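Structure at a glance
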Amino acid sequence: MANMTVEILDYAGKAAGKAELPGEVFDAVTNIPLIHQVVVAQLAAARQGTHAVKSRGEVRGGGRKPYRQKGTGNARQGSIRAPHYTGGGIVHGPQSRSYAQRTPKKMKAAALRGALSDRARAGRVHVVTGFIGDDKPSTKAALESLRNVIGNRTAVVVCDRDDQLTQLSLRNAPEVHLLWADQLNTYDVLVQDDVIFTEQALAAFLGNDKEESK
């Protein structure tokens, strides 16, 4: 695993220095089965699980027998809310549940490193000083800066929690998925074309990754 070096770009798309991407994070083995398992678990955890139907004990009504037990020629019935009646309870229907799967932290970290490494080897990881040339938020200016880096592709932009300028400028752009450094995850890396770090976010992310690897 070799370290990689990428250019740091300013808001105008010009080189403003170089950033080193550690090989253990950006040149790791891409374990596809592991990534698949982590992504499936992440999507499962996002499910609400609030679906539910009523059993015959929960349906309103049906408190007495619809007709007498004997002498009618019909099969005996105890309630009009039995499952075979219209409006009756549902047998073996879905109930509220959690779809969350237990995924160890080290597996999540390894899957994220594999996804980032795949993007980095394809030249799809970028580092920028920022997206705005002044101190006033501007979605138009930020998107122009973004186009200087990735063209018409989509991107997950990783910024620092204190970077209000980037957050206010890009939070409503549909082609951008904005995340804080400690929110970066495998699914969002894979679903977008490129990954863009601000300098502060890259430092924060690498610091968090070291802590999780211990």
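Once a new chain begins, its residue numbering starts again from 1 and follows that chain's sequence as written. Side-chain atom pairs in this predicted model are given and counted only at pLDDT of 80 or more, local residue features only at pLDDT of at least 70, and totals for whole chains, interfaces and linings cover all residues. Only heavy atoms go into the side-chain values, all of them from the structure, while hydrogens and water stay out.

**Points about the packing of helix H2 (residues 32-45) against helix H3 (residues 105-121)**
In this analysis an axis means a line fitted to C-alpha atoms, helices contributing only their contacting stretch, and an angle means the value between N-to-C directions, from 0 to 180 degrees. Secondary structure elements follow DSSP: runs of H or I of four or more residues count as helices, runs of E of two or more count as strands, with numbering from the N terminus. Close contact between H2 and H3 brings their axes to 9 Å; oriented N to C, the two are set at 115 degrees. At the point where H2 passes H3, the crossing takes the left-handed sense. In this structure, H2 contributes Leu34, Ile35, Gln37 and Val38 to the contact, and H3 contributes Met107, Lys108, Ala110, Ala111, Gly114 and Ala115. Residue composition of the contact of H2 with H3, grouped by class: seven nonpolar, two polar and one charged. Handedness of a crossing follows from how the near helix is turned relative to the far one, being left-handed for an anticlockwise turn of less than a right angle and right-handed for a clockwise one. Here a residue-residue contact requires only that any non-hydrogen atoms of the pair lie within 4.5 Å. Any residue outside Ala, Val, Leu, Ile, Met, Phe, Trp, Tyr, Cys, Pro, Asp, Glu, Lys and Arg is labelled polar, Gly included; the first ten of those are nonpolar and the last four are charged.

**Side note on a nonpolar patch on the surface**
Patch construction takes residues with relative accessible area above 30% that form no salt bridge. Like charges are linked within 9 Å, and nonpolar side chains (Val, Leu, Ile, Met, Phe, Trp, Tyr) are linked within 5 Å. Accessibility throughout is a Shrake-Rupley quantity obtained with a 1.4 Å probe, and a residue counts as covered only by protein chains that appear here. A pairing counts as a salt bridge when a side-chain nitrogen of Lys or Arg comes within 4 Å of a carboxyl oxygen of Asp or Glu. Together, Leu43, Tyr187 and Val191 make up a nonpolar patch on the protein surface, roughly 240 Å² of accessible area in all. Locating Tyr187 in the fold gives a position in helix H6 (residues 186-191).

**Side note on the sheet that holds strand E5 (residues 176-180)**
Here six strands make up an open sheet; going across it, the order is E2-E1-E3-E6-E4-E5 and the pairing mixed. A single partner strand is all that each edge strand has here, and the edge strands are strand E2 (15-21) and E5. Strand-to-strand twist across the sheet, computed as the mean angle between neighbouring axes with direction ignored, equals 30 degrees. Sheet analysis places strand E4 (residues 155-159) next to strand E6 (residues 194-198), joined by four bridges and oriented parallel. Bridge pairing in E6 places Val156 opposite Val195. Of the strands in this sheet, strand E1 (4-9), strand E3 (125-128) and E6 are in contact with H3, which crosses E3 at around 85 degrees. Packing of helix H4 (residues 139-150) onto the sheet brings it into contact with E1, E3, E4, E5 and E6, and relative to E6 it is tilted by some 120 degrees. Here, any two strands with at least 2 DSSP bridges between them count as paired.

**Quick word on the pairing of E6**
Within E6, five of the five residues are buried, leaving the element largely enclosed by the surrounding structure. Only protein chains enter the accessibility calculation, which uses a 1.4 Å probe; a residue is then buried when its area is under 20% of its type maximum, exposed when over 50%, and partly exposed in between. The side-chain alternation of E6 yields two buried faces, one formed by Asp194, Ile196 and Thr198 and the other by Val195 and Phe197. Here E3 runs beside E6; their pairing, made up of four bridges, is parallel. Following the sheet pairing, Val127 is matched in E6 by Phe197.

**Regarding the side chain of Asp194**
Tracing the chain through its elements places Asp194 in strand E6. Classification of Asp194 by relative accessible area gives buried; the value is 0%. For Asp194, the residues in contact, after removing those within four places along its chain, are Arg124, His126, Ile150, Arg153, Thr154, Ala155 and Val156.

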